[in-house]
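A closer look at the structure
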Amino acid sequence: MRDRQGKIKVGLKYCGGCRAQYDRVGLVTTLRERLADDVEFVAADSEDAEMILIVSGCSSACTRLDAAHDRPTRYVTSPEDAQRWVDELRADMRGRSGR
Amino acid sequence: MGKLMNAKEYEESLRKLKLNVYMFGKKVESPVDDPIIRPSMNAVAATYEFAHKPEYEDIMTVKSHITGKKINRFTHIHQSVDDLVKKSKMGRLLGSLTACCFQRCVGMDALNALSITTHAIDAKCGTEYNKRFLKYLEYVQENDLTCDGAMTDPKGDRSASPAKQFDPDFFMHVVEERKDGIVVSGAKAHQTGAVNSHEIIVMPTITMREDDKDYAISFALPSDAQGITYIMGRQSCDTRKLEGMTFDRGNMHYGGHEALVVFDKVFVPWERVFMYKEYEFSTQLVENFAAYHRQSYACKVGVGDVLIGAAQTVAEYNGAEKASHVKDKIVEMNHLNETLFCGCIACAAEGHKEPSGTYLVDVLLANVHKQNVTRFPYEIARLAQDIAGGLMVTCPSAADFASPVVGKWVDKYLKTKTDVPTEHRIRILRLIENITLGTAAVGYLTESMHGAGSPQAQRIMITRLVNLKQKQKVAKYLCGIDKER
């Protein structure tokens, strides 16, 4: 579901962070700033979330969501992987807007 | 959601308890505010605080299998292998955030062990312990309580059984049976976090025989029940906490504690009794609790994370971080620490479902993990002290550093680099001191040795559980002694 500014609502979920290989909270802060015009981060259990982003501290990506939810889910397991997600998101937005 | 308390609410809940606590021969009127006890309260409070943080909640919280509500994992009964793995990860996480014993795992382990044994007793004896237990569990979950899991009796003469001791109180036992409950006497030693707990869950400490059936009891009580007295154990360097918030305490935020808990004719209502003279189930309860609790030593991996971080930092402060032997020691510390992590993950990943529905760790692997914990932290601590250098134990006090007379000399002669404040160097050394021979060494070293059973207890279990005959059979076939597999 898009808000009035046409932003994508992304449900945000962290893994538990038992041995995070990078600063997960810092990464999300950066993502919020970089995607401020395009994305509104909401709680993962928000009904408004169009997709779910799970920020995992390592490659095991052990977080599991309630099986009942039917939204696309994307795990990011490193800052590099997060950049790939940003690229995918922007490509998808360009496709939708016909640009 | 049930009542998922935050740190402040937890502290306030403790203030309502009327605990009978003694330390240094005097009654402690407000344990929460006592400077020696308070850091340990902070560590338990962290288990509440982090449950509310989005970046930790996936590990710290879970859905109750009884109510379906979101609860703190420390009150959860494991419903899957994933739950067991998350429990190990939670131990590492909290150890890495507090660098001490956060005290709450022992109650979780008692709850899980009792969920299995009460079910087993009912199946054989037609009792209703499991129904009682589940009602109690729901109370614990709904109120997000911290429970002390109390197993270790003083044990008196180790060569004599409970019934043969010259003082019957050396093991917790029934002294009176009433229509509405039982009266018990005895004590529990080394009780981690007892004074920070809302509840105390008592279990037998060893296998009981028929003669010992008065000692085969399990029950839960509010921690401030009439007749319970807590006598605080003291720790190396504990009185540094009376010197104010100086950096000599090493860890400025957290700590742990243990207490001797005495039960002097304490009444227990029947609805809180979970085992009563069913001595043949004492072994199962003891071994399952021990297996869960041996898994819980995942926390030492987290404390190891902090110690490794401190060792690397002091190496950099000293300008020694590029020396090949220092780099190799840091590698060795990490190798040992991650090996410990392997064990606590493995025993969880190989867990299984018990008839009660509770998931239990692989008992052999849990014992192997704990056996490693009796050794590796000592080597990690030795390497940290090696890298730290002797100043860790010869450094003048914070008061000297602040002295208008000698402070300038301490600052001048303990400085290493222009961009490293002397105070920072001393602080990191004090943290290493705290973990390896100060108050936190109680948890990181000696508790690693004896907590959840001393090394020999694990070796007995390893001997019992390993399939030695099968190993011999294959060896004999492969070298041609036997012609068939």
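What you are looking at is a predicted structure, and each value in this text was computed from that prediction instead of being measured.

Rules used in this analysis
Residues numbered from 1 in each chain as written. Chains lettered and ligands numbered in written order. Predicted model: local features only at pLDDT ≥ 70, side-chain atom pairs only at ≥ 80, totals over all residues. Heavy atoms only, no water. Helix = DSSP H or I, 4+ residues; strand = E, 2+ residues; numbered from the N terminus. Polar contact = N/O pair within 3.5 Å; in protein donor to acceptor, adjacent residues only side chain to side chain. Contact = heavy atoms within 4.5 Å. Core = buried A, V, L, I, M, F, W, Y, C linked by side-chain atoms within 4.5 Å. Buried < 20%, exposed > 50% of the residue type's maximum accessible area, 1.4 Å probe, protein only. Expected span 1.5 Å × (residues − 1). Disulfide = S-S within 2.5 Å. pLDDT = per-residue confidence, 0-100. Axes fitted to C-alpha atoms, helices over the stretch in contact; angles between N-to-C directions. Parallel < 35°, antiparallel > 145°, perpendicular 65-115°, else oblique. Left-handed = near helix turned anticlockwise from the far one by under 90°. Nonpolar A, V, L, I, M, F, W, Y, C, P; charged D, E, K, R; others polar. Pairing = 2+ DSSP bridges. Salt bridge = Lys/Arg side-chain N within 4 Å of Asp/Glu carboxyl O.

1. So, the side chain of B:Lys87
Residue and element names in this part refer to chain B. Tracing the backbone shows Lys-87 in helix H4 (residues 81–98). One polar contact links the side chain of Lys-87 to the main-chain carbonyl oxygen of Tyr-292, over a distance of 2.8 Å. Setting aside its immediate chain neighbours within four residues, Lys-87 contacts Arg-73, His-78, Met-108, Asp-109, Tyr-292, Gln-295 and Ser-296.

2. Overview of the nonpolar core
Within the largest apolar cluster, 146 residues are counted, with the highest numbers of intra-cluster contacts made by B:Met60 and B:Phe263. Those residues in contact with B:Phe263 that lie beyond four places of it in its chain are B:Met172, B:Val184, B:Ser185, B:Gly186, B:Ala187, B:Lys188, B:Ile200, B:Val202, B:Phe219, B:Leu221, B:Gly227 and B:Ile228. The next biggest cluster of nonpolar side chains, apart from the first, holds 20 residues, and it includes A:Tyr14, A:Val28, A:Leu53 and A:Leu89.

3. Some words on H4(B)
Residue and element names in this part refer to chain B. Under the 1.5 Å per step criterion, the end-to-end length of H4 is 26 Å for 18 residues, consistent within 8% with the ideal 26 Å. The buried fraction of H4 amounts to 14 of the 18 residues, a majority that puts the element mostly inside the structure. Here H4 starts with a cap whose side-chain oxygen sits 3.4 Å from the backbone nitrogen of Asp-82, and that cap is Ser-80. Ala-99 lies just past H4 and shows a positive phi near 60°.

4. A closer look at the state of the cysteines
The full count for this structure, using the stated rule, is zero disulfides over all chains. Considering cysteine sulfurs only, A:Cys62 is the nearest to A:Cys15, which forms no disulfide, with 6.1 Å between them. The cysteine B:Cys342 is free of any disulfide, with B:Cys344 supplying the nearest cysteine sulfur at 8.4 Å.

5. Overview of the confidence of the model for chain B
Caution applies to low-pLDDT regions: their predicted coordinates should not be interpreted in detail. When the pLDDT values of chain B are averaged, the result is 97; 100% of them are 70 or greater. Among the prediction metrics, the complex's ipTM stands at 0.88, with pTM recorded as 0.95.

6. Some thoughts on the packing of helix H9 (residues 324–349) of chain B against helix H10 (residues 363–373) of chain B
Residue and element names in this part refer to chain B. The geometry of H9 relative to H10 is characterised by a closest axis approach of 8 Å and an angle of 160° between their N-to-C directions. By the criterion of interaxial angle, the relationship of H9 to H10 is roughly antiparallel. Crossing handedness for the pair H9 and H10: left-handed. Counting all contacts with H9, which are made through Leu-340, Gly-343, Cys-344, Ala-346 and Cys-347, the residues of H10 involved are Leu-365, Ala-366, His-369, Asn-372 and Val-373. Residue classes in the contact of H9 with H10 are distributed as seven nonpolar, three polar and no charged.

7. Describing the sheet that holds strand S2 (residues 26–27) of chain B
If you walk across this open sheet you meet the six strands as S2-S1-S10-S11-S7-S6 (chain B), and the pairing is mixed. The open sheet terminates on both sides in strands that have one partner only, identified here as S2 and strand S6 (173–177) of chain B.

8. What about the pattern of salt bridges?
Taken as a whole, this structure holds 34 salt bridges over all chains when the rule is applied. For the salt bridge of A:Asp48 with A:Lys9, the shortest nitrogen-to-oxygen distance reads 3.6 Å. Placement of A:Asp48 in the loop between strand S2 (39–43) and strand S3 (51–55) and of A:Lys9 in strand S1 (residues 8–14) is noted, with a sequence separation of 39 residues between them. Taking relative accessible area as the criterion, A:Asp48 reaches 27% and is therefore assigned partly exposed. For B:Glu12, the salt bridge goes to B:Arg15, with nearest N and O atoms at 3.5 Å. A residue pair is termed a helical-turn pair when its members lie 3 or 4 positions apart in one helix, as B:Glu12 and B:Arg15 do in helix H1 (residues 7–15) at three residues.

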